[in-house]
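# A closer look at the structure
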Amino acid sequence: MRVGFTAIRRDSGVELELSEPKNNKETALVTLAQLPNHCALLMGRLYYQDELLVSLKPHLSSQRLHECSSNAATLALEIYRQFGANSLERLEGDFALVVWDVQKAQLIGMRDPMGGYSLFWTVQGDKVAFSTSMRRLLDLLPQRSLSLEYLADFLIMSGQRNEGATEICVYNGIHRVLPGTIVSAHLNTCQVERRRYWDWQQKFTLPDSSDLPEVTQQYADVLRSAVRERLHGRTLAHLSGGMDSTSVALLARDEIGTSRGSSPLHTLSLVYEELPVLVRETPYIESALQNETEIVAHRLIADKLLDFDSFIDTPPHDEPYAGLWRWAMDCATVEVASQVGAVTLLTGIGSDEIHDLHPYYLSDLLRQGRFLKAWQEAVKWARAQNSNPWGIIQPFGIEPLVTAWLPFQPRSNKTQLNAQNDWSIPPWIRQDFAQRYALQSRTKENARNTYRLCEQVGLSITLNAIDSRPGDVLRWAVAATLGIAIAHPFLDSRVLALGLGIQKRIPPQPGRMKPILGEAMRDLLPRQITQRKRKGHFNEVYYLGLTKNLQLLEEMLKNSPIDELGIFDQNILIQALHEASLGVANARQLQRLDLSLCLIKWLSMQEEWLQRKESANATFLINRARE
């Protein structure tokens, strides 16, 4: 069994299986709490614990409060016992939780709103089980079969999702506990209830003021608190030289002495010596690290860490992962964290969703019939970017309007790679599969979810991006095994809620990259970083990696068991792979190809993966006779 837990209802009670990392005493990544009539299993970490402990103080002894402060499962269990199941909504963190209530004969599973750790469940006859590992639950199924509904959704997703958007999993009979959801299984009846407790459209935190300096100061304070809460043990922060990761790293440097983190802070920067575009990032990295005496800086030469290298020695993962093609770089970062003895890895992931804003309000103006105003705004943005106004109004004004509000047909089976987009159906997907699983209808629904979640197109895109972010395959499939917790302060629920409120109140402005974050971090970041006009891209890493691994990928396509599924035309897919390696389309237009390759790699691993047996470090039986 990989690091995590499983709870299985047996005839005599509920069997609990735990698998802890070797350094669990230090990292506290998997915790257990047991009482005569209750038990809790938690994977991950809880934040803002002091607020919960204050509410518990009138109800618990000082000794029990101390136990709550040192064991996340104990804290969650006492919140449940003292205040009821609904009170679990108060938990904040990156976690998956299961509570076993003996008296109610009820298993309760929940995940935080950003789905920090996976949690699956199944009901087979009178057997109910929750697990952080899908592989463990597959042992309980009478037979195993792939869900073609899941595969259809995966192949035509827009953007990059870390996990499926619904509770449907890649294997029939297994369900996911959705982020921000509580699933209750009544063991006497085997009935399952789901309750979504978190809806981002209801979680906006409007800033206390409309004054920009006050707004940015409020945001800086909330982000600083989020960083402080995530410091635990020896901490390594990714520092790329961009505004996001550098902000987190320098905030962590300042806060590490006031938290549970261990001084000094370690940082890791991927540096390039050969790739012409990415070598330009090094001065930004050095501007943040120069004269630093409180940081232990690590630099990893990354020219050879190319995309698709991860297809050579791929870590096992429960479901197809849309970001697998870039995993080599991510896994190398986790490996360095392990080498320096870190138990926490901080990143700048999640900032783009709130701060990297574009003038999608142009589409709102066009929909309102304010054509002249829309054109004037497009001209303003074009001048700031030294570009053509049509290059602004077409992607940010016309395309969302046509795609989401006017009748349109997704591009189906267009043969040219450079004609592919988020709404197209690639030519290597067989037409009978596309028709049987209504891929055109699915792409239309994706478009509506992107542009029409609310009245403002820009805000809708942000909400959709946040909805797509939950799940972190690297966190639970790679880092957890090494006893490392990956943490993303920008994805803190309080940070996101305030960011949404700011975005609702303050429209995007041309001429400066991430102005709210830049202003909030003005006294922390080097001016060289806050005044950046644009950030680096990884196109070199992508195309070099695709070319390098071309033969490997082609052999994978030829040898994988994909024909029996009736999804792909192998010859067309191989032809598209070769064309992509020649650079005939940009990286975004190749997203459909990336998804197909990631899925096929996962399929090629299944035979070996299913033969592996997972074992637990410890097994407990909570007897039902205690009811």
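Small disclaimer: the values here were computed from a predicted structure and weren't measured.

What counts, and at which threshold
- Every chain is numbered independently, its residues counted from 1 as its sequence is written.
- Local features in this predicted model are restricted to residues of pLDDT 70 or higher, and side-chain atom pairs are both shown and tallied only at a pLDDT of 80 or more, whereas totals for entire chains, interfaces and linings draw on every residue.
- With hydrogens and water excluded, all non-hydrogen atoms of the structure serve as input to the side-chain values.
- Note: two strands are recorded as paired if DSSP finds a minimum of 2 bridges between them.
- Elements are defined by DSSP. Helices are runs of H or I of four residues or more, strands are runs of E of two residues or more, and each kind is numbered from the N terminus.
- For helices, the fitted line uses only the C-alpha atoms of the stretch in contact; every axis is such a line through C-alpha atoms, and the angle between N-to-C directions lies from 0 to 180 degrees.
- Residue contacts follow a heavy-atom distance rule, with two residues in contact if any of their heavy atoms lie within 4.5 Å.
- Centres within 6.5 Å are what make two rings of Phe, Tyr or Trp a pair, Trp counting through its six-membered ring; a difference in plane orientation under 30 degrees is then read as stacked, over 60 as edge-to-face, and the rest as tilted.
- With a 1.4 Å probe rolled over the protein chains alone, any residue whose accessible area is under 20% of its type maximum counts as buried; one over 50% counts as exposed, and the rest are partly exposed.
- UniProt positions are given in the numbering used here, feature names are shortened, and annotations may be inferred rather than shown by experiment.

### Structural notes on the sheet that holds strand E12 (residues 232-238)
Ordered by their spatial adjacency, 5 strands build an open sheet running E14-E13-E12-E15-E16, and the pairing between neighbours is parallel. Two strands bound the open sheet, and with one partner strand each, they are strand E14 (295-301) and strand E16 (485-487). Ignoring strand direction, the axes of neighbouring strands in this sheet form an average angle of 25°. Judged from the 6 bridges that link them, E12 and strand E13 (residues 260-271) form a sheet pairing that is parallel. Residue pairing in the sheet places Leu236 in a bridge with His266 of E13. Along the sheet, helix H9 (residues 282-289) makes contact with E13 and E14, crossing E13 at roughly 155°.

### What about the packing of aromatic side chains?
Scanning the model with the defined rule gives 13 aromatic pairs in all. Each ring, one from Tyr360 and one from Phe396, has its centre 5.1 Å from the other, and the planes form 90°; the classification is edge-to-face. Taken together, the residues span a long stretch of sequence, with Tyr360 in the loop between helix H11 (351-355) and helix H12 (361-367) and Phe396 in helix H14 (residues 390-404) at a distance of 36 residues. Among the residues examined, Tyr360 registers a relative accessible area of 17% and is labelled buried. When its relative accessible area of 14% is taken as the criterion, Phe396 is described as buried.

### Re the UniProt feature "domain: Glutamine amidotransferase type-2" (unreviewed entry) in the protein chain
Sequence positions flagged by UniProt for "domain: Glutamine amidotransferase type-2" (unreviewed entry) are, in local numbering, residues 44-138. Secondary structure content for residues 44-138 is 36% helix and 32% strand, while the C-alpha to C-alpha distance between its ends is 23 Å.

### Overview of unusual backbone geometry
Following Ser263, the chain continues to Pro264 via a peptide bond in cis, the omega torsion being -5°. With respect to the helices and strands, Pro264 occurs in strand E13. Even without a glycine there, the phi angle at Asn291 is positive, about 65°. You can see Asn291 is positioned in the loop between H9 and E14. Phi angles above zero are rare outside glycine, and Lys514 is one such case at about 50°. Mapped onto the elements of the fold, Lys514 is located in the loop between helix H19 (493-505) and helix H20 (515-520). With a relative accessible area of 5%, Lys514 lands in the buried category.

### A closer look at the sheet that holds strand E3 (residues 30-35)
Strand order in the open sheet formed by 6 strands is E3-E4-E5-E6-E10-E11, and the pairing between neighbours is antiparallel. Two strands in the sheet have a free side with no partner beyond their single neighbour: E3 and strand E11 (191-196). On average, each strand axis in the sheet is inclined to that of its neighbour by 15°, with strand direction left out of account. Where strand E4 (residues 38-47) and strand E5 (residues 92-101) come together, 10 bridges link them in antiparallel fashion. Bridging from a neighbouring strand, Tyr47 pairs with Glu92 of E5.

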